[in-house]
Structures are given as structure tokens and as C-alpha cells.
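# Working through the structure, step by step
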Amino acid sequence: MATSAITPTAASSTGTTAVKSTGTDSNTLANEDTFMQLLVAQMKNQDPLNPMDGTQYVSQLSQLTSTEQISKMATAMNTMSTVVDNLNTSVLVGQLSSMMGKNVTWVTNKTVTAADGSTSTQKVQHSGVVQGVTISDGTPSLVVKEGSGVTTVGVSDLTLIGNTGLENS
């Protein structure tokens, strides 16, 4: 995002101040920094003892303070969101770690091509024993031993954790 320099011009005979933007991006005036620079430049170049409108100066001070507080609140909310995301991942990893050594069942989709060239999708059920937990791109998954191999299983693919009690019937 381009930033622009704010250059106050000389005060006119009416006591107002013109402020010009010297940026190349026409949308620069919409960003918060430019608003703050414009407001500060306007406040610097007006006579606080003799403003055009008695309430205008107080209004501008209020806008400046409000904008600053909103900016601080947005930064704090972003920080809080990151903390919550990290906490959620940590809790989920802790819960998944308690599954070590447990049997799990999950489903994957398999594309099958028929002799005539048409394709269809079939659900394939797998089962194995949880060996560990891994995190990739901030998303925890289970490392499961299935037969002689090891595979990574997403939590959303799980259909059963543990035994149903019906296996030996």
C-alpha cells in the first residue's frame, strides 16, 4: 500500500488551511494513517483560540482520540485472536495425545474407473492404532499405524475412536 506525504499549504484569508496529498494511489485517502495525518495537519494549522466554529476544534480532538483508540483496539483484537487460535490448537493436541495406543477408524474416498471409462467415488473404511500426533500448517492430525504402514489421518476423517465392543461377537 502506498503512503502519501501530507503538505500543509499557507492559510488563506478566511483562516482555513488547505492540505494536499502527494501520493500516487488515489485510494490512499481512505486509510487510517492518512486520515490521522490530515487531522493533525489541520489541527496544527488552525488557531485554537479563534477557530471558525467553536465546537469544531473539540470535535476534531474527539475524532483524533477515537481513531487512536479504535486502532489500538483492532491491534489488541488481532493479538487476542492469535492467542485463542494457539490455545485451541494446544488443547486439541493435548486431547489427541491422550489417544495414543487407541484403535481408530476413518473413511477415505477412492475413485474407481470402470471398464467403460466412467468413474465413481467409493468410501473405503480403514482402521489402525494411534502412534502419535503431528501438526501441519497449524492443523493437528493423528499418525496411525495401519497394517504394516503408517499414515496421517485428519481429525475430521475419524468415524470411531476405541472399540465398539462388538468386535468379538
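These numbers were taken from a predicted model, which means no experiment stands behind them.

## Regarding the pattern of salt bridges
Taken as a whole and assessed by the stated rule, the structure comprises one salt bridge. The residue Glu68 makes a salt bridge to Lys72 at a minimum N-O spacing of 3.5 Å. Remark: Lys72 and Glu68 occur in helix 2 (residues 54–97); sequence separation between them is four residues, near one turn of the helix.

## Re the sheet that holds strand 7 (residues 158–161)
Strands sit in the order 6-5-4-3-7 across an open sheet of five strands; the sheet is antiparallel. Of all strands in the sheet, those bounded by a partner on one side alone are strand 6 (149–154) and strand 7. In this sheet, neighbouring strand axes are inclined to one another by 45 degrees on average, regardless of whether the strands run parallel or antiparallel. For strand 4 (residues 119–136) and strand 5 (residues 139–146), the ladder comprises seven bridges, and the chain directions are antiparallel. Paired with Ser136 across the strands is Thr139, a residue of strand 5.

## Examining a nonpolar patch on the surface
Taken together, the side chains of Ile70, Met73 and Met77 present a nonpolar region at the surface, about 350 Å² in accessible area. Considering the arrangement of structural elements, one finds Ile70 in helix 2.

## Comments concerning the environment of Ser127
Summarising the element assignment, Ser127 is placed in strand 4. With 20 residues separating them along the chain, Ser127 and Gly147 place their C-alpha atoms 8.6 Å apart. When neighbours within four sequence positions are excluded, Ser127 is seen to be in contact with Val104, Thr105, Trp106 and Glu146.

## Here we look at the confidence of the model for the protein
Here the protein averages 74 in pLDDT, while 73% of its residues score no lower than 70. Across residues 1–29, where pLDDT falls below 50, the model places 40 contacts with residues more than four positions away in sequence or in other chains.

## Side note on the pairing of strand 5
Between the end of strand 4 and the start of strand 5, which pair antiparallel, lie two residues, with Asp137 showing a positive phi angle near 55 degrees. Here strand 5 pairs with strand 6 via six bridges, running antiparallel. Following the sheet pairing, Ser141 is matched in strand 6 by Gly154. Linking strand 5 back to strand 6 in an antiparallel pair, the connection comprises two residues, with Gly147 at a positive phi of about 65 degrees.

## Describing the side chain of His126
Checked against the element boundaries, His126 lands in strand 4. Of the residues examined, His126 reaches a relative accessible area of 18% and is grouped as buried. For His126, the side chain forms a polar contact with the side chain of Thr108, separated by 2.7 Å. Here His126 is in contact with Val104, Thr105, Trp106, Thr108 and Glu146, once residues within four sequence places are set aside.

## So, the nonpolar core
If you look at the biggest cluster of nonpolar residues, it comprises nine residues: Leu96, Met99, Val104, Trp106, Val130, Leu142, Val144, Val153 and Leu158. Taken together, the elements giving at least two residues each to this core come down to strand 3 (103–113) and strand 5. Every residue in contact with Val144, bar those within four places of it in the chain, is listed here: Val104, Trp106, Gly128, Val129, Val130, Gln131, Gly149, Val150, Thr151 and Val153.

Basis of the calculations
- Residues numbered from 1 in each chain as written.
- Predicted model: local features only at pLDDT ≥ 70, side-chain atom pairs only at ≥ 80, totals over all residues.
- Heavy atoms only, no water.
- Salt bridge = Lys/Arg side-chain N within 4 Å of Asp/Glu carboxyl O.
- Helix = DSSP H or I, 4+ residues; strand = E, 2+ residues; numbered from the N terminus.
- Pairing = 2+ DSSP bridges.
- Axes fitted to C-alpha atoms, helices over the stretch in contact; angles between N-to-C directions.
- Patch = residues over 30% accessible without salt bridge, like charges linked within 9 Å, V, L, I, M, F, W, Y side chains within 5 Å.
- Areas by Shrake-Rupley, 256 points an atom, 1.4 Å probe, with all protein chains shown as cover.
- Contact = heavy atoms within 4.5 Å.
- pLDDT = per-residue confidence, 0-100.
- Buried < 20%, exposed > 50% of the residue type's maximum accessible area, 1.4 Å probe, protein only.
- Polar contact = N/O pair within 3.5 Å; in protein donor to acceptor, adjacent residues only side chain to side chain.
- Core = buried A, V, L, I, M, F, W, Y, C linked by side-chain atoms within 4.5 Å.

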